[in-house]
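Reading the structure
Now for the letters of each chain:
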Amino acid sequence: MSQTSYLVGLIGSGIGPSLSPALHEREADRQGLRCLYRLIDIDTLGVPPEAVGDLVRAARDIGFDGLNITHPCKQLVIAHLDELAPQAAALGAVNTVVFEDGRAIGHNTDVTGFAASFARGLPDVSLERVVQLGAGGAGAAVAHAVLTLGAGHITVVDAMPDRAASLAAALNRHFGEGRAAAATPDTLASLLARADGVVHATPTGMAAHPGLPFPAELLRPALWVAEVVYRPLETELLRTARAVGCATLDGGGMAVFQAADAFRLFTGREPDAARMLADIAELAGAAGARS
């Protein structure tokens, strides 16, 4: 008899507002499955990000079928897994763990999630020169997705220069020399003045980290702006960029498409991404009304 009940969860920091439980549970219900999706918040537990290995082992031992992993554990979790799918290995970041026969296997659905969302939401923009803020776990996935989509060149900007340099080097190894470069935040004004678009992949703008990631005056109408944050769907960056006249992409599409890919890994069933996009619009709207 095929499995019809699933226990999955999310490990991360400040994940109380996450819409992942509702996205997975609603889609499971529509498919006649039972999905229990639990939040495992390291802040609530009072443990550091380095405890992710213990949490993964505990989830496996309890009988979880899989886990999603988010900030700040996407890279730290790798040392505690038995195997990595090729995409996750290339990225050095994991956002989905599947338990199979007692083994923990790491995947990354952020790359395909962002690529699908971008192709849907900003299909006709120029990708010749792209600037990305953030070189963490989500940033690595998004930068790979941007170059996969055909970007000519991406400049990765991070407050931690070594992290930006490491990601740029990995991108050049994977996509060819000269496709990526690293830069520090003090060069952002000159970079954005020459860029076609900017991808924002830092926590700034999340419910727990409000604000703008860079001064509003650096925005101009010809610059497209893509956001990774989806809690809230309309961040201060997107609101400001739209007011300037920029084409924008919110983080909701990436959240849905990466969740759909994770749902497929957890259950072996094909999710309906269109229904899940309608879900996140409704759920994010409701969340915004409550805040």
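For the structure, check the block above.
Attention now goes to the overall build of the chain. Regarding its fold elements, the chain presents 11 helices and 12 strands. On C-alpha atoms alone, the chain measures out to a radius of gyration of 18 Å, which is about the 19 Å that the 2.2 N^0.38 rule sets for 291 residues. The proportion of buried residues among the 291 residues of the chain is 51%. The long-range share in the chain, meaning contacts at least 24 apart out of those at least 6 apart in sequence, stands at 70%. Only carbon and sulfur atoms are counted for the fraction: they give 54% of the accessible area of the chain, which is about 12200 Å². Put simply, the chain has 22 plus and 31 minus side-chain charges, and the middle of one group is 2 Å from the middle of the other.

Core analysis: the largest hydrophobic core is formed by 33 residues, its most contacted members being Phe114 and Val199. Those elements that provide at least two residues to this core are α5 (110-121), α6 (137-148), β8 (153-157), α7 (161-175) and β11 (224-227). At 8 residues, the largest contribution of residues to this core is made by α6. Ile11, Ala59, Cys73 and Val94 belong to the second-largest nonpolar core, a separate cluster that totals 18 residues.

The next subject is the pattern of salt bridges. One pass over the full model with this rule turns up 15 salt bridges. For Arg26, the salt bridge is made with Asp279, and the minimal N-O distance between the two is 3.1 Å. Pair noted here: Arg26 is in helix α1 (residues 20-30) and Asp279 is in helix α11 (residues 273-290), with a separation of 253 residues, a long-range link. One salt bridge connects Glu282 with Arg26, and the closest N-O pair in it is separated by 3.1 Å. Of this pair, Glu282 sits in helix α11 while Arg26 sits in helix α1, placing them 256 residues apart in sequence. Residue class for Arg26 comes out partly exposed when judged on its relative accessible area of 27%.

In this section: α6. Taking 1.5 Å as the rise per residue, α6 with 12 residues should run 16 Å; its terminal C-alpha atoms sit 17 Å apart, in good agreement. Most of α6 sits inside the fold, with 11 of its 12 residues counted as buried. What α6 keeps buried is the set Gly137, Ala138, Gly139, Ala140, Ala141, Val142, Ala143, His144, Ala145, Val146 and Leu147. One or two positions beyond α6, positive phi appears at Gly150, with a value near 110°.

On to the sheet that holds strand β1 (residues 5-12). In space, the 6 strands of this open sheet follow the order β2-β1-β3-β5-β6-β4, with mixed pairing throughout. One side of each edge strand has no neighbouring strand; the edge strands of this open sheet are β2 (34-41) and β4 (83-84). As paired elements, β1 and strand β3 (residues 66-69) share 4 bridges and run parallel to each other. Bridge assignment links Ile11 to a residue of β3, and that residue is Ile69.

This next bit is on the packing of aromatic side chains. All chains considered together, the criterion is met by 2 aromatic pairs. Aromatic pair Phe114 and Phe118: ring centres 5.8 Å apart, planes at 40°, arrangement tilted. Placement of the pair is Phe114 and Phe118 together in helix α5, with a separation of 4 residues, close to one helical turn. Residue class for Phe118 comes out buried when judged on its relative accessible area of 3%. Judged by centre distance (5.1 Å) and plane angle (75°), the ring pair of Phe118 and Trp224 falls under edge-to-face. On the criterion of sequence distance, the pair formed by Phe118 in helix α5 and Trp224 in strand β11 is long-range, its members being 106 residues apart. One exposure class covers both Phe118 and Trp224, and it is buried.

Rules of the game
- Residues numbered from 1 in each chain as written.
- Predicted model: local features only at pLDDT ≥ 70, side-chain atom pairs only at ≥ 80, totals over all residues.
- Heavy atoms only, no water.
- Helix = DSSP H or I, 4+ residues; strand = E, 2+ residues; numbered from the N terminus.
- Rg over C-alpha atoms; globule rule 2.2 N^0.38 Å.
- Buried < 20%, exposed > 50% of the residue type's maximum accessible area, 1.4 Å probe, protein only.
- Contact = heavy atoms within 4.5 Å.
- Areas by Shrake-Rupley, 256 points an atom, 1.4 Å probe, with all protein chains shown as cover.
- Lys, Arg positive; Asp, Glu negative; His and termini not counted.
- Charge placed at Lys NZ, Arg CZ, Asp CG, Glu CD.
- Core = buried A, V, L, I, M, F, W, Y, C linked by side-chain atoms within 4.5 Å.
- Salt bridge = Lys/Arg side-chain N within 4 Å of Asp/Glu carboxyl O.
- Expected span 1.5 Å × (residues − 1).
- Pairing = 2+ DSSP bridges.
- Phe/Tyr/Trp six-rings, centres within 6.5 Å; stacked < 30°, edge-to-face > 60°.

Just geometry here; none of it tells us what the structure is for.
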